[in-house]
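Structural characterization, general
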Amino acid sequence: MRAHPAGPQHAAGLGGPGWLSEPDDPNDLLPALWPSTARRLSGGSADGVVSVGGVPVTELAAEHGTPAYIVDEADFRARATAFRDAFAEAFADACGGADVYYAAKAFTCTAVARWLAEDGLRYDACTGGELAVALRGGTDPAHVLLHGNNKSDEEIVRAVRAGVGKVVVDGFHDIDRTADAAREAGVRQGVLIRTTVGVEAHTHDYIATAHEDQKFGLSLASGQAAEAVRRVLARPELELRGLHSHIGSQIFDVSGFEVAARRLLGLHAQVLAEHGVEMPEIDLGGGFGIAYTTQDAPLSPADLARGMAEVVTAACAQLGVAVPKVSIEPGRAIAGPAGVTLYRVGSTKDVALDGGLQRRYVAVDGGMSDNIRTALYDADYSATLGGRRSTASPVLSRVVGKHCESGDVVVKDEFLPDDLAAGDLLVVPATGAYCHSMASQYNHVPRPPVVAVKDGVSRVLVRRETEDDLLALDVG
Ligand SMILES: Cc1ncc(COP(=O)(O)O)c(C=O)c1O
Ligand SMILES: N[C@@H](CCCC[NH3+])C(=O)O
């Protein structure tokens, strides 16, 4: 990592993160963080402008306004099919391939469901709302699985009637309700049992999900998962398809997945020994990390698939069981790098810090309502000047929003050019996952649109909310 030209103390003195370093030219886009079609144009009337999907951000801002979520359709679909192909290949010999369920919670809308269906991916919904989007997008219901730690009766009935392939049993409370819904619908419902395997995933506490002391799943160690197997087998309306584990999100360390797979397969073998039931599937969840900064080094889908295939094959051989059909549920790794957020700068202010240092606050026209991840998880992002090139010297800056909250920060630390001013466009990469899907209308700020870009054309997938939309909800 290279230090800032003013000396390492420039950033270090602010207690800034270790990852913050300046690219050779701050106008460069660091490829790992951006959709594959993103570039800074050179020459012509749009010289210096960032372009995504062949559309300059100046055009996007003029046509769709700011803030706006921009999704690079080709990049999203390439990442999705890379997972599909890598896992199909890695598991081909062991179990005839693998199924990839896109985790809709990362980002979904009808167009996304359609892309996935066209490209042969499946769909992981965790609410009735996400299921509704899948069905409206033309997803084959048999390719949908329904998660949820607190599914309503109505969600279960709706999913079973729609013909979803699998309902994931997250607790004992799901078993009889799903079986009753299946009996009423006259079907045999496939189920997975979400198992808490006791892995402490190396990620933010709020997004680790396989240790004992959290709300999801049935514990392996305490015997709850084995008891759930017995209860499911006692209901003939249910078809026990397999066990499920999801250890958390934004994980880079493959050892967590390895331990989870081995423990899950241990229970899988135990069920065979105890009940004579050979479950045909196993679902290892999602959670594959992406690069938000230059410090993050994600594994490629091919490396992940190869690594997971080795672990699963070896564990099955050791246990003396056939390799079940493997499923995974990536969300962030498909949607995250495919999306950027476009903002317009409204104001700046310099604050003197101890030691003669200063921090520049750059306020944009969105904030924690369109990206809650910085406030919620202390997440790191980067930002770049989008509408022009600048040769002004870089200034350590903090990109903040317009909300009435001092924690309303989008990018904690970034070097931005000294001549950045009101009216400039800023682009924040790697915002395709868990930004639109976690957006709020805090301070009655309408949510931004989602605009797809491809081959030089932009298309609104989700329209911008208006104040009238918000007022229409207020019926009191
Ligand atoms: C059950 C389950 N599957 C898949 C995912 C997707 O995770 P990620 O977007 O990190 O791949 C999540 C979210 O963490 C989840 O809870
Ligand atoms: N929402 C989280 C990920 C957790 C998702 C689902 N279990 C994030 O933004 O990183």
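Position labels on residues start from 1 in each chain and follow its written sequence. Chains carry letters and ligands carry numbers; both start at the beginning, A for chains and 1 for ligands, and go up in the order they are written. Restriction of local features to residues with pLDDT of at least 70 applies here, the model being predicted, together with a cutoff of 80 or more for giving and counting side-chain atom pairs; totals for whole chains, interfaces and linings are based on all residues. Note: side-chain values were computed over all heavy atoms of the structure, leaving out hydrogens and water.

What about the overall build of the chain?
Selection rule: Secondary structure counts use DSSP, requiring at least four H or I residues in a row for a helix and at least two E residues in a row for a strand, with both numbered from the N terminus. For the radius of gyration, the atom set is restricted to C-alpha positions; the globular benchmark scales as 2.2 Å times the number of residues to the power 0.38. Burial classes follow relative accessibility: with a 1.4 Å probe on protein chains only, a residue under 20% of its type's maximum area counts as buried, one over 50% as exposed, and anything between as partly exposed. Should any heavy atoms of two residues lie within 4.5 Å, those residues are counted as being in contact. In short, Shrake-Rupley with a 1.4 Å probe defines the accessible areas, and a residue's cover is counted only from the protein chains shown. Charged residues are defined here as Lys and Arg on the positive side and Asp and Glu on the negative side; His and the ends of the chain fall outside this count. One atom stands in for each charge, and that atom is NZ of Lys, CZ of Arg, CG of Asp or CD of Glu.
Counting secondary structure elements, the chain contains 14 helices and 21 strands. The C-alpha atoms of the chain give 24 Å as radius of gyration, which agrees with the globular expectation for 476 residues (23 Å, within 12%). Expressed along its principal axes, the backbone C-alpha trace of the chain runs to roughly 70 × 50 × 40 Å. With 476 residues in all, the chain has 55% of them scored as buried. Taking the contacts inside the chain whose residues are at least 6 apart along the sequence as the reference set, 70% of them involve residues at least 24 apart. For the chain, the accessible surface area stands at approximately 19,000 Å², while carbon and sulfur atoms represent 50% of it. The positive charge centre, built from 43 side chains, and the negative charge centre, built from 63, are 3 Å apart in the chain.

Observations concerning helix H11 (residues 301-319)
Note the cut-off: Here a helix's expected span is defined as the number of its residues, less one, multiplied by 1.5 Å.
Between the first and last C-alpha of H11 there are 27 Å, a value that for 19 residues agrees with the 27 Å anticipated at 1.5 Å per step. Along H11, the positions that sit buried rather than exposed are Pro-301, Leu-304, Ala-305, Met-308, Ala-309, Val-311, Val-312, Ala-315 and Cys-316. Those residues of H11 hidden inside the fold are in contact with helix H3 (73-90), helix H10 (254-275) and strand E13 (325-328). Residue Gly-320 follows H11 closely and has a positive phi angle near 70 degrees.

Topic: the site of ligand 1
Applied cut-off: A molecule or strand has a residue near it when one of that residue's heavy atoms lies within 4 Å. Here a polar contact means two N or O atoms within 3.5 Å. Within protein one must be a hydrogen donor candidate and the other an acceptor candidate, and residues neighboring in sequence count only if both atoms are side-chain atoms.
Around ligand 1 lies a shell of 15 residues, among which His-246, Ser-249, Glu-329, Arg-332 and Tyr-434 are the nearest. In the model, an oxygen atom of ligand 1 is placed 3.4 Å from a nitrogen or oxygen of the Lys-105 side chain. At a separation of 2.9 Å, an oxygen atom of ligand 1 approaches a polar backbone atom of Gly-331. Within the complex, 93% of the 400 Å² of free accessible area of ligand 1 lies under protein.

Digging into the UniProt feature "binding site: substrate" (unreviewed entry) in the chain
As a reminder, the rule being used: UniProt positions are given in the numbering used here, feature names are shortened, and annotations may be inferred rather than shown by experiment.
Under the local residue numbering, the UniProt record ascribes the feature "binding site: substrate" (unreviewed entry) to Arg-332, Arg-373, Tyr-377, Glu-405 and Tyr-434. These annotated residues cover 103 residues of sequence, and their C-alpha atoms reach 27.0 Å apart at the extreme, placing them across more than a single site. Mapped onto the elements, Arg-332 comes out in helix H12 (residues 332-335). Polar contacts involving the side chain of Arg-332 include one to the side chain of Gln-250, which spans 3.5 Å. One can find Glu-405 in the loop between strand E17 (394-400) and strand E18 (409-417).

What to know about the UniProt feature "active site" (unreviewed entry) in the chain
Cross-referencing UniProt, the feature "active site" (unreviewed entry) maps to Cys-404 in the present numbering. By the secondary structure assignment, Cys-404 is in the loop between E17 and E18. The exposure class of Cys-404 is exposed, given its relative accessible area of 64%.

Some words on the confidence of the model for the chain
Going by this rule: One confidence number per residue, pLDDT, is output by the predictor and ranges from 0 to 100.
Averaged over every residue, the pLDDT of the chain is 93; residues scoring 70 or more account for 93%. Here residues 1-18 is modelled with pLDDT under 50, and outside its nearest four sequence neighbours on either side it reaches 30 contacts, counting other chains as well. With pTM at 0.95, the complex prediction returns an ipTM value of 0.99.

A word on the packing of aromatic side chains
Selection criterion: Only the six-membered ring of Trp is used, alongside the rings of Phe and Tyr, when aromatic pairs are assigned; centres must lie within 6.5 Å, and planes under 30 degrees apart are stacked while those over 60 apart are edge-to-face, with the rest tilted.
For the structure shown, the criterion picks out seven aromatic pairs. Here the aromatic rings of Tyr-292 and Tyr-381 are separated by 5.1 Å at their centres, their planes lie at 75 degrees, and the arrangement is edge-to-face. Here Tyr-381 lies in the loop between helix H13 (373-377) and strand E16 (384-385) and Tyr-292 lies in the loop between strand E12 (281-283) and H11, a separation of 89 residues in the sequence. In this structure Tyr-292 comes out as buried when scored by relative accessible area, which is 5%. When its relative accessible area of 1% is taken as the criterion, Tyr-381 is described as buried. Taken together through their ring pairs, the aromatic side chains of Phe-83, Phe-87, Phe-91, Phe-257 and Phe-288 make up a single cluster.

A word on the pattern of salt bridges
Filter applied, for reference: We define a salt bridge as a contact between a side-chain nitrogen of Lys or Arg and a carboxyl oxygen of Asp or Glu at a distance within 4 Å.
Applying the stated criterion across every chain, the model contains 37 salt bridges. For Asp-174, the salt bridge goes to Arg-177, with nearest N and O atoms at 3.0 Å. You can see Asp-174 and its partner Arg-177 sitting in helix H8 (residues 173-185), three residues apart, about one turn around the helix. Among the salt bridges present, the one from Arg-398 reaches Asp-413, with a minimum N-O distance of 3.8 Å. Of this pair, Arg-398 sits in strand E17 while Asp-413 is found in strand E18, placing the two residues 15 residues apart along the sequence. Asp-413 carries the same exposure label as Arg-398, and that label is buried. One network of salt bridges, in which partners are shared, links Asp-176, Asp-180, Arg-183, Arg-235 and Glu-237.

Notes on the pairing of strand E20 (residues 450-454)
Where a strand is regular, its side chains alternate between the two sheet faces. What counts, and what does not: Two strands are said to pair when DSSP picks up at least two bridges between them.
Within E20, four of the five residues are buried, which leaves it mostly tucked inside the rest of the structure. Bridge analysis of strand E4 (residues 68-72) against E20 gives four bridges, and the strand direction is parallel. Across the sheet, residue Tyr-69 finds its bridge partner in E20, namely Val-450. One ladder, built from five bridges, connects E20 with strand E21 (residues 457-462); its direction is antiparallel. Residue pairing for E21: Val-450 is matched across the bridge by Val-462. Hairpin geometry of E20 and E21 is characterised by an intervening segment of two residues between the two adjacent antiparallel strands and by a positive phi of about 50 degrees at Asp-455.

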